[in-house]
Amino acid sequence: MSCYYFHFQVGSRLIRDTRGVELEEPHEIITCSAHIAGLLKRRACREPEWKEAIIHVEDKERRFSLFLPIARFAEAIPRLQA
């Protein structure tokens, strides 16, 4: 298992994940990111700048880094679909 951190960036503001998540397989990163987007959907619907937010995923050693626009998970945020 590997530990991944799911940071959240809105504009120049970065909200760091300090706990991380242990995942067995790397493909679980997308599932976790979709879950996070779902948790944030209310905020994204109320605050337009959150629609441009990015989920930044990195591993414990910072050898792996992935930037996922929250819009990638539009099904989790209904108002982004229009």
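Description of the structure in this document. (Residues numbered from 1 in each chain as written. Predicted model: local features only at pLDDT ≥ 70, side-chain atom pairs only at ≥ 80, totals over all residues. Heavy atoms only, no water.)

Description of the packing of aromatic side chains
Enumeration according to the criterion identifies 1 aromatic pair in this entry. Ring geometry for Tyr4 and Phe64: centres 5.8 Å apart, planes at 80°, overall edge-to-face. Within this pair, whereas Tyr4 is found in strand β1 (residues 2-10), its partner Phe64 is found in the loop between β4 (54-59) and β5 (65-69), the two being separated by 60 residues in sequence. For Tyr4, a relative accessible area of 8% translates into the label buried. Accessibility expressed as a relative area gives 30% for Phe64, which makes it partly exposed. (Phe/Tyr/Trp six-rings, centres within 6.5 Å; stacked < 30°, edge-to-face > 60°. Helix = DSSP H or I, 4+ residues; strand = E, 2+ residues; numbered from the N terminus. Buried < 20%, exposed > 50% of the residue type's maximum accessible area, 1.4 Å probe, protein only.)

Some words on the side chain of His7
Inspection of the secondary structure puts His7 in strand β1. Assessed through its relative accessible area of 3%, His7 is described here as buried. A polar atom in the side chain of His7 sits 3.1 Å from the side chain of Arg16. A distance of 3.0 Å separates a polar atom in the side chain of His7 from the backbone nitrogen of Asp17. For His7, the contacting residues outside a window of four places in its chain are Leu14, Ile15, Arg16, Asp17, Ile54, Ile55, His56 and Glu58. (Polar contact = N/O pair within 3.5 Å; in protein donor to acceptor, adjacent residues only side chain to side chain. Contact = heavy atoms within 4.5 Å.)

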